[in-house]
Amino acid sequence: KAGVTQTPRYLIKTRGQQVTLSCSPISGHRSVSWYQQTPGQGLQFLFEYFSETQRNKGNFPGRFSGRQFSNSRSEMNVSTLELGDSALYLCASSPFQFTGGRTEAFFGQGTRLTVV
Amino acid sequence: TQLLEQSPQFLSIQEGENLTVYCNSSSVFSSLQWYRQEPGEGPVLLVTVVTGGEVKKLKRLTFQFGDARKDSSLHITAAQPGDTGLYLCAGLLGGSQGNLIFGKGTKLSVKP
């Protein structure tokens, strides 16, 4: 069974630009969550999508948005990039929605975004 | 305020030593997961504990969930260089707040 696939692996963008990251979950998984990982803050929850609907959102500005398609693939978009957005962005898939309280996250390798 | 406090932040030991990593919170979790992450990779799930007082063993790794489901520990016996990595605990609050809350991690280095 293929794991979670994130593309691209590495990305360099300029301040003010926008970026779109992609995540293909494990086959059969319907939940996709996004996390930002930085050395100072660790892993922070961005949002979760389940059945094409955003189910939960972390404490990030509106510049961070996402969507999920009918095949469960998800994209995350960051507009008007800032230097502080440089981070490893991780996508996790799960067979069930996290509000169920009993599911597990399977992570992709991440996209390393550098904003210059 | 960090909801899940992990300690220690860094740990450097010699091969063959034992170690324990702690994960503490004032919140009650419906389940708690431990992950190991290597540089440039995503976290890999090691174990999930769901019942208060539960103990799970994975070869030389022993995971424990506190009775009140607010804390957890990871104990490694006879550490090996291959155990080197970032260990993360993550709690699932469940209910309408259902998303994983991560600790900041423990960076373990095992020297041969």
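Since the structure is predicted, the reported quantities are computational estimates derived from the model, not experimental observations.

A word on the interface of chain A and chain B
Facing the 22 residues of chain A at the interface are 24 residues of chain B. Both sides together, the interface formed by chain A and chain B hides about 1,800 Å², and carbon and sulfur atoms give 50% of it. Summed over the shared surface of chain A and chain B, the result is 0 salt bridges. Taken together, chain A and chain B are joined by 6 residue pairs in polar contact (both at pLDDT 80 or more). Taken together, the elements giving at least two residues each to the side of chain A that touches chain B come down to strand 4 (31-38), strand 5 (42-50), strand 9 (87-94) and strand 10 (106-107) of chain A.

Quick look at the pattern of salt bridges
Scanning the model with the defined rule gives 7 salt bridges over all chains in all. Two residues, Glu75 of chain A and Arg67 of chain A, come together in a salt bridge whose shortest N-O distance is 3.2 Å. Given a relative accessible area of 16%, Glu75 of chain A falls into the buried group. On the accessibility criterion, Arg67 of chain A (47% relative accessible area) is partly exposed. A salt bridge links Arg36 of chain B to Glu38 of chain B, with the shortest nitrogen-to-oxygen separation between them at 3.2 Å. A relative accessible area of 40% places Glu38 of chain B in the partly exposed class.

Quick look at the side chain of Arg36 of chain B
Among the structural elements, Arg36 of chain B can be located in strand 4 (residues 31-37). Polar contacts involving the side chain of Arg36 of chain B include one to the side chain of Glu38 of chain B, which spans 3.2 Å.

Section: the layout of surface pockets
Estimates place the volume of the largest pocket at around 550 Å³. In this structure, the largest pocket is lined by 20 residues; those nearest its centre are Gln37 and Pro39 of chain A together with Gln37, Leu86 and Lys107 of chain B. Listed by contribution, the elements that provide at least two residues to the lining of the largest pocket are strand 4 of chain A together with strand 9 (85-92) and strand 11 (106-111) of chain B. Considered class by class, the residues forming the lining of the largest pocket number 6 nonpolar, 10 polar and 4 charged.

Points about the pairing of strand 9 of chain B
Remember that side chains alternate between the two faces of the sheet whenever the strand is regular. Residue and element names in this part refer to chain B. The buried count for strand 9 comes to 8 of 8 residues, which makes it a mostly enclosed element. Direction of pairing for strand 4 relative to strand 9: antiparallel, over a ladder of 7 bridges. What sits directly across from Trp34, in strand 9, is Cys89. Of the pairings in the sheet, the one linking strand 9 to strand 11 comprises 3 bridges and is antiparallel in character. When the sheet's bridge partners are listed, Tyr87 is paired in strand 11 with Thr106. Two strands pair when backbone bridges link them, and strand 9 and strand 10 (residues 100-102) are joined in this way by 3 bridges, in the antiparallel orientation. In the strand pairing of strand 10, Leu92 is matched with Leu100.

Criteria and thresholds
- Residues numbered from 1 in each chain as written.
- Chains lettered and ligands numbered in written order.
- Predicted model: local features only at pLDDT ≥ 70, side-chain atom pairs only at ≥ 80, totals over all residues.
- Heavy atoms only, no water.
- Contact = heavy atoms within 4.5 Å.
- Buried area = accessible area lost by both parts, 1.4 Å probe.
- Salt bridge = Lys/Arg side-chain N within 4 Å of Asp/Glu carboxyl O.
- Polar contact = N/O pair within 3.5 Å; in protein donor to acceptor, adjacent residues only side chain to side chain.
- Helix = DSSP H or I, 4+ residues; strand = E, 2+ residues; numbered from the N terminus.
- Buried < 20%, exposed > 50% of the residue type's maximum accessible area, 1.4 Å probe, protein only.
- 1 Å grid on protein atoms, 1.4 Å probe; cavity = no way out; pocket = protein on both sides within 12 Å on 5 of 7 lines; lining within 4 Å.
- Points joined across faces, edges and corners; volume = space filled by probe spheres on them.
- Nonpolar A, V, L, I, M, F, W, Y, C, P; charged D, E, K, R; others polar.
- Pairing = 2+ DSSP bridges.

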